[in-house]
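Survey of secondary and tertiary structure
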Amino acid sequence: MRYYDKLIFELSRPGRSAFSLPSEAGSFKPTSGSIWRETPLDLPEVSEPDVVRHYTNLSQMNFGVDTGFYPLGSCTMKYNPKINEEIVSQFNGIHPLQPASTTEGVKAVYDFMDKALAEITGMKHFTFLPCAGAHGELTGLMLIREYHMSRGDSARTKIIVPDSAHGTNPASAAVCGLDVVVVKSRPDGLVDVEDLKPLLGPDIAGIMMTNPNTLGLFERDIKEIAELVHGCGGLLYYDGANMNPLLGVVRPGDMGFDVMHLNLHKTFSTPHGGGGPGSGPVGVSERLVHLLDKPRVSGFHGNFGVILRACAYILSLGRENIKLAGRLSTLAANYIKESLKDSFKLPIESVCKHEFVFDGLREAGEVTTLDVAKRLLDYGFHAPTIYFPLLFHQALMIEPTETESLQTLDEFIDVMHTIAKEASATPDLLKTAPHNTPIGRPDETTAARQPVLKYSRQ
Ligand SMILES: *Cc1c(COP(=O)(O)O)cnc(C)c1O
C-alpha cells in the first residue's frame with residue numbers, strides 16, 4: 001500500500017489544521033446557546049498538503065470521461081467541452097430570489113432554450129423544472145393523467161411500456177399511480193404492433209416509447225403505432241434521454257408524440273457520472289400546453305447550471321453542426337458494431353443508431369460479459385453497459401457518442417479483439433481482471449448489498 005492511500009481519518013492528528021485565521025475570529029459567539037453542538041464534529045484534523053493530496057489521489061482512483069473512452073450504452077457519456085464550465089462559473093453567484101430586473105440574462109437563457117428545444121423536437125413548449133430523466137418521465141406522465149382527467153376521462157389508468165424500455169419507464173409510471181402493461185418486442189428488436197393492438201382500449205392513458213429504442217434501433221412502425229394509440233384515445237410519451245442520433249434528422253413531434261423529456265445531461269453535454277447533476281425538461285404538443293404550468297415538481301426553475309451548459313453546447317455547435325452530432329454518433333456506433341461482430345455475438349444485425357448490443361463473445365468458453373468488462377479497465381477503457389437490456393443473457397451495450405476520434409474508436413476495437421483472443425488463450429487473465437486498478441474485483445453481491453461507505457472510528 002502506498003502511504004498516501006491511507007484514509008484521511010488515519011492521517012488526522014489532534015490540533016493539526018489546514019488554515020490559520022486571525023485570533024479574534026475564534027471569539028465568535030452565537031446569540032443563543034441552543035444552536036451550538038454539544039460535542040465537537042468528528043472531523044479529520046489535517047494540514048493543507050494532506051487535504052490536497054487526499055482529493056487529488058482520490059480523483060485519480062476514479063475513471064471519468066476526462067480520463068478515457070467511456071462507451072456506456074444508454075448513458076451518453078460524451079466529452080464535455082470545458083468552455084461550458086467556464087460559462088457556468090460566471091453564474092455561480094446568482095440566487096433564485098434575486099429581483100427579476102437583475103436576472104434578465106437568465107430569463108433569456110430559458111427563453112432561448114424553450115425555442116431551441118421546441119425546434120429540435122417539434123414540441124410546442126417546455127418546462128425546465130424536472131432535474132433528471134426519470135423526474136421528467138414522472139412529470140410527463142402527470143401531465144398525461146391531468147389531460148385525461150381534465151376531460152372527465154377518469155378510466156384511463158393503464159400505460160403501455162415496451163419490454164425493451166429503460167427501467168425508469170415502468171418505475172415512473174408506477175410512482176405516478178398508473179398500471180404498467182408490457183408490449184413485447186419482435187425478434188428484430190422492434191415493438192410488435194400485433195401484440196400492441198389487443199392492449200388498446202378506453203382504459204389506456206398512453207404508451208411510453210424510446211426511439212431509437214434501448215437496442216439502438218429506430219422504431220420504423222412509429223406512425224402506425226401513433227395512429228393506433230391516438231385512435232383509442234391515448235397519448236404518446238417519448239423518452240428522449242438519448243436523442244443524439246436524431247438531432248436535426250427526425251423530430252418526436254413529427255412522429256406523433258404528445259409529451260416528451262430530454263436528458264440535457266446526456267444529449268446536450270454536462271458531466272453526469274455518479275448520479276448528477278441533471279436536467280430533464282419536458283416538452284408538450286399544442287394540445288397539452290395549457291397544462292404545462294401545473295406540475296410543480298421542483299423549487300424555483302430547475303437545474304440552471306445544466307440548462308446553461310446545454311445552451312452553450314447548442315449555440316457553439318449551431319444549426320448545421322447539431323445535425324452532424326446526430327449523424328456522427330450513428331456512424332461511430334455502426335463502425336464499432338461492424339468492426340467487432342466477428343469476435344462478439346451480434347443478435348440483431350440491422351443498422352443501429354447511436355448504440356447497439358452484443359450478446360457476449362462468440363467463443364466465450366467460461367468467460368462472461370462481466371469478465372470482458374473488467375478486463376477492459378486494465379486497458380484504460382471504461383466498460384460498456386452490461387447485462388442490460390434484459391432481452392439477452394450476456395448483453396454488452398456500447399454507445400461511443402459523437403465526440404470520439406477515429407483513432408480512439410480504433411484503439412477500442414483493437415483492445416476488444418485482443419480480449420476476445422485472451423478469452424480463448426488465457427481465460428484466467430479475464431476471470432481475475434482487473435489487474436492494475438486501485439481495487440481489483442470485489443464480491444459483487446456484498447459490494448451491492450453491504451457497501452461500506454463511511455469510516456467508523458474504532
Ligand atoms: C438515462 C435514461 C433515463 C433516466 O435518466 P436519469 O437522468 O438517469 O433519471 C431514462 N430513459 C433512458 C432511455 C435513459 O437512457
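That block above? That's the structure.
Here is a short report on the structure shown in this document.

**Let's talk about the overall build of the protein**
Scanning the protein from terminus to terminus reveals 15 helices and 10 strands. Relative to the compact-globule value of 23 Å for 458 residues, the protein shows a C-alpha radius of gyration of 25 Å, a close match. Taking the principal axes of the C-alpha coordinates as reference, the protein spans close to 75 × 65 × 45 Å. For the protein, the proportion of contacts with a sequence separation of at least 24, taken over those separated by at least 6, is 71%. Summed over all atoms, the accessible surface of the protein reaches about 23000 Å², with 56% contributed by carbon and sulfur. Computed over 43 positive and 54 negative side-chain charges, the inter-centroid distance for the protein is 3 Å.

**Things to note about the site of the ligand**
Near the ligand you find 13 residues, and of these S74, G133, D239, H265 and K266 are the closest. D239 is positioned with one of its side-chain polar atoms (N or O) 2.5 Å from a nitrogen atom of the ligand. In the model, an oxygen atom of the ligand is placed 2.8 Å from a nitrogen or oxygen of the K266 side chain. Protein chains shield 86% of the accessible area of the ligand, which is 380 Å² for the free molecule. When residues of the shell around the ligand are traced back to their parent elements, those giving at least two are α5 (133–150) and α10 (264–267). If you tally residues by element for the shell around the ligand, the top one is α5, at three residues.

**So, the pairing of strand β10 (residues 395–398)**
Where burial is concerned, the two faces of β10 agree: the one with A395 and M397 and the one with L396 and I398 are both buried. Bridge analysis of strand β8 (residues 356–359) against β10 gives four bridges, and the strand direction is antiparallel. Paired with F356 across the strands is I398, a residue of β10. Strand direction decides the pairing type here: strand β9 (residues 385–386) and β10, joined by two bridges, are antiparallel. Considered in β10, the bridge of I386 is made with L396.

**Here's the deal with the packing of aromatic side chains**
Per the counting criterion, the structure on display carries 12 aromatic pairs. Ring geometry for Y110 versus F128: centroids 5.7 Å apart, planes at 80°, classification edge-to-face. Placement of Y110 in helix α4 (residues 104–121) and of F128 in the loop between β1 (125–127) and α5 is noted, with a sequence separation of 18 residues between them. The interplanar angle of 65° and the centroid separation of 4.8 Å between the aromatic rings of Y238 and F257 together place this pair among those described as edge-to-face. Here Y238 is found in strand β5 (residues 235–240), whereas its partner F257 is found in the loop between α9 (252–255) and β6 (259–262), with 19 residues between them in sequence.

**Focus: the pattern of salt bridges**
Counting across every chain of the model gives 22 salt bridges. Of the charged contacts in the structure, one is a salt bridge between K82 and D66, with a shortest N-O distance of 3.1 Å. Of this pair, K82 sits in helix α3 (residues 82–89) while D66 sits in the loop between α2 (48–60) and α3; the two residues are 16 residues apart in sequence, bridging distant segments of the chain. The exposure class assigned to D66 is exposed, which follows from its relative accessible area of 54%. E194 is paired through a salt bridge with K197; the nearest N and O atoms lie 3.2 Å apart. By relative accessible area, which is 52% here, E194 ends up exposed. The exposure class of K197 is partly exposed, given its relative accessible area of 33%. One salt-bridge network, in which partners are shared between bridges, spans K337, E338, K341 and E349.

**Side note on the sheet that holds β8**
As summarised here, the arrangement of the three strands in space is β8-β10-β9, forming an open sheet in which the pairing is antiparallel. Of all the strands in the sheet, just β8 and β9 have a single pairing partner and so form its edges.

**Points about unusual backbone geometry**
A cis amide bond, omega 0°, links F388 with the succeeding residue P389. Positionally, P389 belongs in the loop between β9 and β10. With an omega of 0°, the peptide bond between A433 and P434 qualifies as cis. Its location among the elements puts P434 in the loop between α14 (427–431) and α15 (444–449). Here the phi dihedral of T76 falls at roughly 45°; this positive angle occurs in a residue that is not glycine. Within the secondary structure, T76 sits in the loop between α2 and α3. Residue classification places T76 among the buried positions, given a relative accessible area of 0%.

**Concerning the pairing of strand β2 (residues 158–162)**
Most of β2 sits out of view: four of its five residues are buried. Of the strand pairs in this sheet, β2 and strand β3 (residues 179–183) are connected by five bridges, and their pairing is parallel. The residue bridging P162 from the neighbouring strand is V183, located in β3. Between β2 and its parallel partner β3, the chain crosses via helix α6 (residues 168–175), and the hand of that crossover is right-handed. Both β2 and strand β4 (residues 204–209) contribute to a ladder of three bridges, which runs parallel. Along β4, the bridge assignment pairs I160 with I207.

Cut-offs and rules
Residues numbered from 1 in each chain as written. Predicted model: local features only at pLDDT ≥ 70, side-chain atom pairs only at ≥ 80, totals over all residues. Heavy atoms only, no water. Helix = DSSP H or I, 4+ residues; strand = E, 2+ residues; numbered from the N terminus. Rg over C-alpha atoms; globule rule 2.2 N^0.38 Å. Contact = heavy atoms within 4.5 Å. Areas by Shrake-Rupley, 256 points an atom, 1.4 Å probe, with all protein chains shown as cover. Lys, Arg positive; Asp, Glu negative; His and termini not counted. Charge placed at Lys NZ, Arg CZ, Asp CG, Glu CD. Near = heavy atom within 4 Å. Polar contact = N/O pair within 3.5 Å; in protein donor to acceptor, adjacent residues only side chain to side chain. Buried < 20%, exposed > 50% of the residue type's maximum accessible area, 1.4 Å probe, protein only. Pairing = 2+ DSSP bridges. Phe/Tyr/Trp six-rings, centres within 6.5 Å; stacked < 30°, edge-to-face > 60°. Salt bridge = Lys/Arg side-chain N within 4 Å of Asp/Glu carboxyl O. Right-handed = clockwise from strand over helix to strand, strands pointing away.

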